[in-house]
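# Descriptive structure summary
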Amino acid sequence: MSGVRFRVVLALLVVSAFTNLRGQTLIEHSAETRFQLDLHVPDAALAAFVPDGWSLNIASQGAAKGANLRMIFVDRLTINGPDGKPAGRSGSNRLVYLAVPAKEPAGTNVQLMIGGITEDPADAPGPFGVYLPATTHTMRRATSSDTGPITESQDWVFDAAGGEHLEMHITFERGVGNKGSPAEVRFYSAKTPGRFQISRQEQVLDILRNTTTTPPDRVRTFSLKASGGRYAALFDGSEQVLSWDHIPWITRSVLTP
């Protein structure tokens, strides 16, 4: 066995042993780029998605102040299984999901997954039982550089059979962002509250516009259209965008207990 191959095998064995010791199973690794919108939507409409015994975890200060829903557009650049090989249909995927910052009954701060639309039909209903398969989907990202700031445009459109429609168009000046410390986040299913995944992740976050912290506004153009089906009550025209967050990269290891 070559030295390089031996080191790869050894590294995989170490990861496997580490996760087994903690009583967790490694599902996949992924490298992604994202765009996150923090929103406030009608509380009464949102309550219909929150399981009994759970409560919202709405920040009273900081960049997420007042946000009760996150809409996150995700380009999953690579998805790899525990053996390092591409996972799923193609080892890649595009989706948008809706997550609520919440407290589970024991009081732990978590992300509650309440919906989403995914490009890959094999990804629906997905690990949380809430994803819809896209009937149509579009994702375009373009970067340009001249004598001024680097600009990026993103166009995302997802439709589902029930009339659900999530669409965002944005052009912004790119920044360098801040790299956060490694974090462990629990994502729970709103449909089956006892089901959750653990995401061990690192990311760079670039806040382009925020209504609370008011950083330099680098959003040049923006539009959001969200409506239809099971999401109609959430997006009745009164929703407010509170933060526009570019996540140029995030790496994750996803585990189950």
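Just so it is clear, the model here is predicted, and its values are computed rather than measured. (Residues numbered from 1 in each chain as written. Predicted model: local features only at pLDDT ≥ 70, side-chain atom pairs only at ≥ 80, totals over all residues. Heavy atoms only, no water.)

## A closer look at the confidence of the model for the protein
Looking at the protein, pLDDT values average 92 and 91% of them are 70 or higher. Below a pLDDT of 50 lies the segment residues 6–21, which in the model reaches eight contacts outside its immediate sequence neighbourhood of four places, other chains included. (pLDDT = per-residue confidence, 0-100. Contact = heavy atoms within 4.5 Å.)

## A closer look at the layout of surface pockets
By volume, the largest pocket is sized at about 680 Å³. Lining the largest pocket are 32 residues, and of these Gln 36, Arg 70, Gln 111, Val 185 and Gln 201 sit closest to its centre. Mapped onto the lining of the largest pocket, the elements with two or more residues apiece are β1 (25–40), β3 (69–80), β4 (93–103), β5 (109–118), β10 (183–189), β11 (196–210) and β13 (240–256). Its residues assigned to classes, the lining of the largest pocket shows 16 nonpolar, nine polar and seven charged. A volume near 470 Å³ is recorded for the second largest pocket. The wall of the second largest pocket is formed by 28 residues, among which Glu 28, Arg 76, Asp 123, Pro 127 and Tyr 131 lie closest to the centre. Sort the elements by how many residues they give to the lining of the second largest pocket and β1 lands first, with four residues. Tallied by class, residues from the lining of the second largest pocket come to 13 nonpolar, seven polar and eight charged. (1 Å grid on protein atoms, 1.4 Å probe; cavity = no way out; pocket = protein on both sides within 12 Å on 5 of 7 lines; lining within 4 Å. Points joined across faces, edges and corners; volume = space filled by probe spheres on them. Helix = DSSP H or I, 4+ residues; strand = E, 2+ residues; numbered from the N terminus. Nonpolar A, V, L, I, M, F, W, Y, C, P; charged D, E, K, R; others polar.)

## What to know about the environment of Trp 156
With respect to the element layout, Trp 156 can be found in strand β7 (residues 151–160). Classification of Trp 156 by relative accessible area gives buried; the value is 0%. Placed 128 residues apart in sequence, Trp 156 and Glu 28 show a C-alpha to C-alpha distance of 25 Å. With near-sequence residues (within four places) excluded, Trp 156 lies in contact with Phe 73, Val 74, Asp 75, Arg 94, Leu 95, Thr 138, Met 139, Arg 141, Leu 166, Glu 167 and Met 168. Of the polar contacts made by the side chain of Trp 156, one reaches the side chain of Gln 154; its length is 3.0 Å. (Buried < 20%, exposed > 50% of the residue type's maximum accessible area, 1.4 Å probe, protein only. Polar contact = N/O pair within 3.5 Å; in protein donor to acceptor, adjacent residues only side chain to side chain.)

## Looking at the pairing of strand β8 (residues 165–173)
By the bridge criterion, nine bridges tie β7 to β8 in an arrangement that is antiparallel. From the neighbouring strand, Asp 159 faces β8, where its bridge partner is His 165. Between β7 and β8, which pair antiparallel one after the other, the connecting turn spans four residues, and Gly 163 there sits at a positive phi close to 95 degrees. Bridge count between β8 and strand β12 (residues 219–227): eight bridges; the pairing is antiparallel. From the neighbouring strand, Ile 170 faces β12, where its bridge partner is Phe 222. (Pairing = 2+ DSSP bridges.)

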